[in-house]
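Fold and geometry: a report
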Amino acid sequence: MRASDENTSLGRFGGLMIFIGIAALLWLVIKLSDDYAESVRFKVRFTDTPANLITTDKDYSVEATVTAQGFKLLNYHLRSFRLREITVSLKDMKYKILSDNRYSIGSTAMKEAIADVLEINAGNVEPTQTDYVFTMYRLASKRVKVNIMTDLSFRSQYNIYGEPTVTPDSITIYGAFNILKDYEHVNTQTITRKNVTDDIEESVGLQLDADINADIKKVDVVIDVEKFTESEVTIPINTLGISNMVIFPPQAKVKYIVSLDDYSNISPVSFNIEVDTTNFITKEFLPTRLVVYPNNTSIIGIYPDKVEYLITQ
């Protein structure tokens, strides 16, 4: 076969495929222009609730049979279910109170909302129910503490100095009464730092659930950071007034960590070590315990942690 014949055949085949494609497209357009009856399901978001009430039904959904063009139903099917949502306003709508938290509305609102989304006449929507029951809870408020959340690592010899502060240290949260009753505090967003050597001062957001609101959205966190050093003192061990008790050794060493700013303020009189004399007659060794130490130190250990003793006449 000559090249010209091959080109002619390919041209005829290409033309045939174009014709078939156009025919299929026309067929699809005709089919999608027809009306079809189909069951659809939509998530429901209630809006314009009364000022003293709140809805918490995140998974509320409704079903209906609709008659619509194939184009409109195709648009419905192309959406993921989370995007298949209708909005139902409770403003000026008559609804029945069934119990303390349960309410019901007629199907008209659902029909109109579905019709608006699908851009069809409300008469072409047939809900599966005549009444729809939903919940609304009394809106409440509660004062709770704010917890600081951190993920910090420090350069060698550096650490937090004192207690981090948050301003304000408590906030008012708002939400459904049945949800608020379980809240005792709220957490800040986590403050993350690596190789910290300097103070941290930051305005931080709060971790609030979607159903919770607050009078304040951010709080100010201050974290003081200091350079620390390791030190030690040697002090006598207190025998708790037992005059005829002799202990070996009579002194103990306390190792501790303290900030450089506080280093000069620490002395042996800042500590007190005593022996635990509970049932001491039956024991060969007595444990030592640190009962007084400065609150601006971190104790590494007491050496020794137990002593021998002798009761003299």
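Structure shown above.
Residues numbered from 1 in each chain as written. Predicted model: local features only at pLDDT ≥ 70, side-chain atom pairs only at ≥ 80, totals over all residues. Heavy atoms only, no water.

Moving on: the overall build of the protein chain. Along its length, the protein chain carries four helices and 25 strands. In the protein chain, buried positions account for 33% of the 313 residues. Look at the contacts in the protein chain between residues 6 or more apart in sequence, and 71% of them connect residues 24 or more apart. When the accessible area of the protein chain is evaluated, it comes to approximately 19,400 Å², of which 50% is carbon and sulfur surface. (Helix = DSSP H or I, 4+ residues; strand = E, 2+ residues; numbered from the N terminus. Buried < 20%, exposed > 50% of the residue type's maximum accessible area, 1.4 Å probe, protein only. Contact = heavy atoms within 4.5 Å. Areas by Shrake-Rupley, 256 points an atom, 1.4 Å probe, with all protein chains shown as cover.)

It is worth spelling out the environment of Val125 at this point. Summarising the element assignment, Val125 is placed in strand E7 (residues 125-127). Between the alpha carbons of Val125 and Thr108 there is a distance of 9.7 Å; along the sequence they are 17 residues apart. With near-sequence residues (within four places) excluded, Val125 lies in contact with Ala64, Thr65, Val66, Lys111, Ile114, Ala115 and Ile120.

So, about the nonpolar core. Core analysis: the largest hydrophobic core is formed by 28 residues, its most contacted members being Phe46, Ile86, Val88, Met110 and Ile114. For this core, the elements supplying multiple residues, two or more each, are strand E1 (35-47), strand E3 (61-69), helix H2 (70-77), strand E4 (85-89), strand E6 (102-106), helix H3 (108-118) and strand E8 (131-135). Per-element accounting of this core gives the leading share, six residues, to H3. Beyond its immediate stretch of four places on either side in the chain, Ile114 contacts Phe42, Val62, Ala64, Val66, Ile86 and Val125. Core analysis: the second largest hydrophobic core is formed by 21 residues, Ala140, Leu152, Tyr183 and Ile191 among them. (Core = buried A, V, L, I, M, F, W, Y, C linked by side-chain atoms within 4.5 Å.)

Counted by the stated rule, this structure contains nine salt bridges. Residue Lys142 is joined to Glu184 by a salt bridge in which the shortest nitrogen-to-oxygen separation is 3.7 Å. Residue Lys142 is located in strand E9 (residues 137-147), and its partner Glu184 is located in the loop between helix H4 (177-180) and strand E14 (185-188); the two are separated by 42 residues in the primary sequence. Residue classification places Lys142 among the partly exposed positions, given a relative accessible area of 22%. The partner of Arg193 in a salt bridge is Glu202, and the shortest N-O contact between them spans 2.4 Å. Judged by its relative accessible area of 26%, Glu202 is partly exposed. When salt bridges that share partners are traced, they join Glu274, Asp276 and Arg289 into one network. (Salt bridge = Lys/Arg side-chain N within 4 Å of Asp/Glu carboxyl O.)

One open sheet holds the three strands; their spatial order is E5-E6-E8, and the pairing between them is antiparallel. A strand with exactly one partner marks an edge of an open sheet, and here the two such strands are strand E5 (96-97) and E8. Inspection of the sheet shows E6 paired to E8 by five bridges, in the antiparallel sense. Bridged to Tyr103 within E8 is Phe134. (Pairing = 2+ DSSP bridges.)

Turning to the layout of surface pockets, a few remarks are in order. When its volume is computed, the largest pocket comes out at roughly 230 Å³. In this structure, the largest pocket is lined by Gln157, Tyr158, Asn159, Ile160, Tyr161, Gly162, Phe228, Ile257, Asn295, Asn296, Thr297 and Ser298. For the lining of the largest pocket, the elements supplying multiple residues, two or more each, are strand E11 (158-160) and strand E24 (297-303). The dominant element in the lining of the largest pocket, judged by the number of residues it contributes, is E11, at three residues. Of the residues that constitute the lining of the largest pocket, the class distribution is five nonpolar, seven polar and no charged. What lines the second largest pocket is Lys43, Val44, Arg45, Phe46, Thr55, Thr56, Asp57, Lys58, Tyr60, Glu85 and Asp211. The greatest single-element share of the lining of the second largest pocket, amounting to four residues, is contributed by E1. Along the lines of polarity and charge, the residues of the lining of the second largest pocket split into three nonpolar, two polar and six charged. (1 Å grid on protein atoms, 1.4 Å probe; cavity = no way out; pocket = protein on both sides within 12 Å on 5 of 7 lines; lining within 4 Å. Points joined across faces, edges and corners; volume = space filled by probe spheres on them. Nonpolar A, V, L, I, M, F, W, Y, C, P; charged D, E, K, R; others polar.)

On to the packing of aromatic side chains, then. Counted under the stated rule, the structure contains six aromatic pairs. Each ring, one from Phe46 and one from Phe134, has its centre 4.6 Å from the other, and the planes form 25°; the classification is stacked. A residue pair is termed long-range when its members are at least 10 positions apart, and Phe46 in strand E1 and Phe134 in strand E8 qualify at 88 residues. With a relative accessible area of 9%, Phe46 lands in the buried category. Exposure remark for Phe134: the relative accessible area of 1% places this residue in the buried category. Between Tyr95 and Phe134, the ring centres sit 6.5 Å apart and the planes meet at 75°, which makes this aromatic pair edge-to-face. With Tyr95 in the loop between E4 and E5 and Phe134 in strand E8, this pair connects stretches of sequence that are 39 residues apart. Take Tyr95: its relative accessible area is 26%, and that puts it in the partly exposed class. Its guanidinium or amino end placed over the ring of Tyr303, Lys255 lies 5.5 Å from that ring's centre, counting from NZ or CZ. Sitting over the ring of Phe285, Lys306 keeps its end group 5.3 Å from the ring centre. (Phe/Tyr/Trp six-rings, centres within 6.5 Å; stacked < 30°, edge-to-face > 60°. Lys NZ or Arg CZ within 6 Å of the ring centre and 35° of its normal.)

Note that every value here comes from positions in space, so none of it alone points to a role or purpose.
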